[in-house]
Amino acid sequence: MPMLADPSQKYKPYTPLNIPDRQWPSKVQRAAPIWLSTDLRDGNQALANPMTIEQKTIFFKTLIKAGVKEIEVAYPAASDTDFNFVRGLIEGGLVPDDVWLQVLTPAREDLIKRTIDSVAGSKRAIIHMYNATSPSFRNVVFRNSKEKTIELAITHTKIVRKLVDEAAAKYGTQFKYEYSPETFTQTEPDFAIEVCQAVKTAWGKAGLGDERITFNLPATVEIAPPNHYADQIENFCRKISEREKIIVSLHPHNDRGTSIIITWQGVAAAELGMLAGGDRIEGCFFGNGERTGNVDLVTLALNLYTQGVAPNLDFSDIQSVIDAVVACNDLPVHPRHPYAGELVFTAFSGSHQDAIKKGFEAQRVRHAEAEAKGEPKYWDMPYLPIDPADLGCNYEAVIRVNAQSGKGGIAYLIQQHLGLDLPRKMQVAFYQVVQEVADREAREMSVEDITTAFRSNYHFGGSKYEGRLALKSFKISAEPLPDSAADDGDSDVPADERRLFDGTISVDGVVRVIRGDGNGPLSALLDALRTHLDLDFSIREYSEHAVGEGSSVKAASYVELVRGGQEVKEARKSNESWWGVGVDSDIAGSGLRAVLSAINTAIGDRVLPELKLSVGFNSRSGQADVASAVLQSLELELPRRFQSSFFEIVQRTARDSSDNISYTDLIQLFRDTYHYGTQVPSRISLKNFTLDNVGGRKELKVDLIWDGKDRQLVADGTGALSSIITSLNSQIEGTLSIKDYSEHSIGEGSNVEAASFVELAYDAPGQPKRVTSWGVSSDTDITASGLKALLRAASSFQLIPKPLVNGH
Ligand SMILES: CC(=O)SCCNC(=O)CCNC(=O)[C@H](O)C(C)(C)COP(=O)(O)OP(=O)(O)OC[C@H]1O[C@@H](n2cnc3c(N)ncnc32)[C@H](O)[C@@H]1OP(=O)(O)O
Ligand SMILES: CC(C)C(=O)C(=O)O
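Reading the values: rules and limits
Residues numbered from 1 in each chain as written. Chains lettered and ligands numbered in written order. Predicted model: local features only at pLDDT ≥ 70, side-chain atom pairs only at ≥ 80, totals over all residues. Helix = DSSP H or I, 4+ residues; strand = E, 2+ residues; numbered from the N terminus. Buried ≥ 20, exposed ≤ 12 C-beta atoms within 10 Å, placed from the backbone. Contact = placed C-beta atoms within 7 Å. Pairing = 2+ DSSP bridges. Axes fitted to C-alpha atoms, helices over the stretch in contact; angles between N-to-C directions. Near = placed C-beta within 6 Å. Nonpolar A, V, L, I, M, F, W, Y, C, P; charged D, E, K, R; others polar. Core = buried A, V, L, I, M, F, W, Y, C linked by C-beta atoms within 7 Å. pLDDT = per-residue confidence, 0-100. Parallel < 35°, antiparallel > 145°, perpendicular 65-115°, else oblique. Left-handed = near helix turned anticlockwise from the far one by under 90°.

Regarding the overall build of the chain
Now for step 1: Tallying secondary structure elements over the chain gives 23 helices and 22 strands in all.
Now for step 2: Looking at the chain as a whole, 40% of its 808 residues qualify as buried.
Now for step 3: Put simply, 63% of the contacts in the chain that link residues at least 6 apart link residues at least 24 apart.

Details of the sheet that holds strand E20 (residues 753–763)
Now for step 1: Ordered in space as E19-E20-E21, the three strands form an open sheet in which the pairing is antiparallel. Each end of this open sheet is capped by a strand with a single partner; those strands are strand E19 (735–746) and strand E21 (771–779). When the angles between neighbouring strand axes are averaged without regard to direction, this sheet yields 15°.

Digging into the site of ligand 1
Now for step 1: With respect to spatial proximity, 16 residues lie near ligand 1, and among them Tyr 75, Ala 78, Pro 106, Ala 107 and Asn 131 are the closest.
Now for step 2: Those elements that place two or more of their residues in the shell around ligand 1 are helix H1 (39–45) and strand E4 (124–132).
Now for step 3: Per-class residue counts for the shell around ligand 1 are nine nonpolar, three polar and four charged.

Points about the nonpolar core
Now for step 1: In this structure, Val 73, Leu 101, Ile 127, Val 595 and Leu 790 are the most contacted members of the largest nonpolar core, which totals 185 residues.
Now for step 2: Leaving out residues up to four positions away in the same chain, Leu 101 has contacts with Ile 71, Val 73, Val 86, Leu 89, Val 95, Val 119, Ser 122, Arg 124 and Ala 125.

Some thoughts on the confidence of the model for the chain
Now for step 1: Across the chain, the average pLDDT comes to 91, with 95% of residues at 70 or higher.
Now for step 2: The low-confidence segment residues 258–263 (pLDDT under 50) makes ten contacts with residues lying over four places distant or belonging to another chain.
Now for step 3: Low pLDDT, under 50, characterises residues 484–490; the stretch is placed with five contacts to residues that sit more than four places away or in other chains.
Now for step 4: On the interface metric, ipTM, the complex scores 0.95, and its pTM is 0.70.

Description of the site of ligand 2
Now for step 1: Within the structure, ligand 2 sits among Asp 42, Leu 104, Tyr 130, Ser 180, Glu 182, Asn 216, Pro 218, Thr 220, His 251 and His 253.
Now for step 2: Mapped onto the shell around ligand 2, the elements with two or more residues apiece are strand E5 (174–182) and strand E6 (213–219).
Now for step 3: When the residues that make up the shell around ligand 2 are grouped by side-chain class, the tally is three nonpolar, five polar and two charged.

Comments concerning the packing of helix H2 (residues 53–66) against helix H3 (residues 80–91)
Now for step 1: Between H2 and H3, the least distance of the axes is 10 Å, while the angle of their chain directions is 45°. Compared by their axis directions, H2 and H3 come out oblique. In terms of crossing hand, the pair formed by H2 and H3 is right-handed. Every residue of H3 that contacts H2 at Ile 53, Lys 56 and Phe 60 is listed here: Thr 81, Asn 84, Phe 85, Gly 88 and Leu 89.
Now for step 2: Residues of the contact of H2 with H3, tallied by class, amount to four nonpolar, three polar and one charged.

Concerning the sheet that holds strand E17 (residues 709–717)
Now for step 1: Read from one edge of the open sheet, three strands run E15-E16-E17, paired in antiparallel fashion. In this open sheet, the two edge strands, each paired with only one partner strand, are strand E15 (684–694) and E17. Strand-to-strand twist across the sheet, computed as the mean angle between neighbouring axes with direction ignored, equals 15°.
Now for step 2: Inspection of the sheet shows strand E16 (residues 697–706) paired to E17 by nine bridges, in the antiparallel sense. When the bridges of E17 are listed, Glu 699 appears paired with Asp 716.
Now for step 3: In this fold helix H22 (residues 720–729) packs onto E15, E16 and E17, with an angle of close to 120° to the strand it touches most, E17.

Here it is as structure tokens:
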């Protein structure tokens, strides 16, 4: 049957009360009501599969934990399950002393008796009796007149009174009485009051405090807007006699909820009803109950909380409450359920996310100021009426990203999960990356999707995301500027100094040595990239911040690169730019990594120039190229001055061979010069050695072959190298001294070796100038490697031996 064009022919409108001087609209709720949970009764009776005793017990414990003090636990006359559940609570000692067990009964003597029997031996019990009072129930269900309806209530109230007096005498139970004129909102207002007056008289002992009688005024079926419910409550409260001896309880249902699945209209009725005089609220957690449900106690309590009113219910771990309730009711909590739904602390849309991100930033500052002044740290957050943390939720779900999201939300997630505070323009750039995927795939982007996209896009966060260029090691040093050179003024470097970048980077998996200079570390790296790899970029924007605290603090750097070789003005306007990010414990390192991160994006799959040594050692191949060749072939990272020293040898050799030397010849030249990995031993070579600790010093015994003859040296010092220098000096005329020493590892795991580099100086007698020389060696034993490198360096001098004494 279709909907009617004129529904007035089928549905009669509700007749509202007219209270011109109603008081409730201008009142404000300043205190929590008494809460009565009817989950185990009204909620349970509405389930297709009512709860088992085990489920009811879990639910009961959940209610106790949340702090509910009045719990309608059953309709004990309905079934053995309900009756036995009440008995189990009492006999199992599960009811705390300050908790009232409430049980519901209809106005029938046999059922009242069974109901009161169910609470035998309890400490505190509320007997709740009901009968419907509205015209249609009187006429249709009970086929009763008004008088008979009142009589039914009076007669059975007296029965309750008699039975509870007996039980109180027998068990010492403290009883309270609650009466419900069921269908109150559809009952003539004056008649409802007349019934309750009669019940109060029949009960005969309404007093103050715990002696108050409870009149529950249910919206059994919600038929009017909440303001009219409030009028009914105010009307009842004004007209009922001895108001101070009465607890007015409200029991709203949600039949006028605003949609099929989201039904919290009862909340409004309860809130207005409280303003109108309600002292107590009956409802269920998350709004379970007959048809569209009972009023949701969780929402009501947290509504008060967000107004700064202590609700006397604790939802500090709301998820555990949700889990328990869902498991017992076997009904889901709607994702949009106030405070509890999985989406209610979530913003997908860009402008919401932006506001929340800014809100968190502003709040951090505001709270720090309030703390300093000893003032309360008020919550004031766009789109979030409550702090999710108060309910035991974290902020992870607050911002979720899909095609509706904006840069602010994405930047917030990067900040939360990677600790990076992206500069505004980089946020815009990365937003476009995420937006493109989210739009194309028409799906939500998880935090992992976003952080992975960030890492891949910026080649950030470990070898898995490494780009084509990766920084392996670097050294930044200062060099004085020639007097004539002008300061180009964009760094902290003193005006008369330049910075030298000296590093090894992996280029498409091949390690290269590159070198450049500039007025700061970043421009020095850009210079090196220009020189060695033909990559010409300049920096348009740079920023940095600290990540972490204390000893683990690191620097995060961000750079925006534009194509080099442009006029400054052009570069500023260029639409094409690439962002990069780097994190390092060293601030220069973080900037260098950021530059390479941006360059990796900028180069895409462009072919990079290879290292070409066979061209010859003319102006095209420099010192760094030679060092690259040694590194690639022998895995030796020559110290910078060693590079210069070898480069001079290479240049001399290249000149002698018509300015052209092949890669293979170059490596052979290195091997021959330093006796590195050749069959031909150096003039002085190591046979074996021992190094012992003697009284805190090292005693070194070395067997050498010196100019083809065995020789043994014994010396002590602070270490192997200082000891051997001392003993060598005792064998020669003049003095050897160590000018430089460094080492690094080669290989990994059990195959690791030490590579050692020693620069020695020799002051020979009668020679005006000291001479210097390098030695290099590698060995699985780091001491052996150092000793051999030192002896090889010493071998290159024309050492003048002292004559042997006693064959030594
Ligand atoms: C608004 C509410 O939520 S009220 C609570 C509703 N909850 C429940 O009904 C759950 C538990 N109920 C039950 O288990 C059963 O209904 C029982 C045990 C109470 C009674 O069962 P039965 O005796 O089989 O009766 P039935 O369920 O058909 O109830 C209807 C009878 O009770 C009468 N009745 C209904 N409400 C009341 C009441 N509050 N007081 C007295 N009698 C009532 C009806 O007029 C009807 O009487 P009739 O048989 O003379 O016509
Ligand atoms: C028993 C009464 C209070 C009831 O559940 C209702 O009217 O909804």
